[in-house]
Amino acid sequence: GLLGKIEHQQQSGSWVMDHTHIRPGALHLANGGFLLIEAREILTQPGIWSLLKRTLFTHRVHMESPNDENSLVGMQNLMPQDMPLSVQVILIGDLDLYNRLVGQDEDFLPLFKLQVRFADKMLRTHEAEKCYAGVLANYVLQQKLLQQQ
């Protein structure tokens, strides 16, 4: 998942949760770097788009608790603190989806300032990958898109 989760198991008729059941999410794992997300995938999951926007605006990752009633016992003691977040999120999608998001969500452009278009098809060679990575890295440096720590 994007925000991580706290797993629980049933042992001897009771629910067991401890720090070994905390699983980091994609945002935790990408902290300090880049996270590529398929835009259509995240938009089709209820509530995830709002959670991603809140996380990017606040620059903090808040781990969500499980939603079933069995997990509520002991949850207050187990919930990890919010974690500072410094990540560049790259949404991957087509032009129609981009235009729809720009028109329907006023938060989209402040969060995703840069639109990049690639050819529909390209040779996937080691040299081509290095070239595209170099172009992107150069643009990021020129535009000062990386936050200084």
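Located above this text is the structure these notes cover.
None of these values were measured; they are calculated from a predicted model. (Residues numbered from 1 in each chain as written. Predicted model: local features only at pLDDT ≥ 70, side-chain atom pairs only at ≥ 80, totals over all residues. Heavy atoms only, no water.)

## Focus: the layout of surface pockets
It is a probe the size of a water molecule, rolled over the atoms, that shows where empty space is left. Considered as a void within the structure, the largest pocket measures approximately 1700 Å³ in volume. Along the wall of the largest pocket there are 43 residues; nearest its centre are Val89, Ile90, Leu91, Leu114 and Val116. Secondary-structure elements contributing two or more residues to the lining of the largest pocket are strand S5 (34–38), helix H3 (48–58), strand S8 (88–92), helix H5 (95–104), helix H6 (108–111) and helix H7 (126–142). At seven residues, H7 tops the list of elements feeding residues into the lining of the largest pocket. In the lining of the largest pocket, the residues fall into 31 nonpolar, six polar and six charged. (1 Å grid on protein atoms, 1.4 Å probe; cavity = no way out; pocket = protein on both sides within 12 Å on 5 of 7 lines; lining within 4 Å. Points joined across faces, edges and corners; volume = space filled by probe spheres on them. Helix = DSSP H or I, 4+ residues; strand = E, 2+ residues; numbered from the N terminus. Nonpolar A, V, L, I, M, F, W, Y, C, P; charged D, E, K, R; others polar.)

## Considering the pairing of S5
A one-sided burial pattern is seen for S5, the buried positions being Leu35 and Ile37 and the unburied ones Phe34, Leu36 and Glu38. Sheet topology places S5 next to S8; five bridges connect them, and they run parallel. The residue bridging Ile37 from the neighbouring strand is Leu91, located in S8. (Buried < 20%, exposed > 50% of the residue type's maximum accessible area, 1.4 Å probe, protein only. Pairing = 2+ DSSP bridges.)

## Considering unusual backbone geometry
The phi dihedral of His59 falls on the positive side, at around 60°, and the residue is not glycine. Mapped onto the fold, His59 is located in the loop between H3 and strand S6 (60–61). When its relative accessible area of 37% is taken as the criterion, His59 is described as partly exposed.

## A short note on the nonpolar core
Leu2 and Leu27 are the most contacted members of the largest nonpolar core, which totals 24 residues. Per element, the largest residue contribution to this core is five residues, and it comes from H3. Each residue touching Leu2, except ones within four places of it in the same chain, is listed here: Gly25, Ala26, Leu27, Leu35, Ile37, Ile42, Ile48 and Leu52. (Core = buried A, V, L, I, M, F, W, Y, C linked by side-chain atoms within 4.5 Å. Contact = heavy atoms within 4.5 Å.)

## Looking at the environment of Leu97
Positionally, Leu97 belongs in helix H5. Looking at Leu97, the relative accessible area reads 3%, which means it is buried. C-alpha separation for the pair Leu97 and Arg40, spaced 57 residues apart in sequence, amounts to 8.0 Å. The residues contacting Leu97, other than those within four sequence positions of it, are Ala39, Arg40 and Leu43.

## Brief notes about H3
The periodicity of an α-helix, 3.6 residues per turn, causes residues three or four positions apart to be oriented the same way. For H3, the full list of buried residues reads Ile48, Trp49, Leu51, Leu52, Lys53, Thr55 and Leu56. Taken from the residues just after H3, His59 is the one with a positive phi, measuring 60°.

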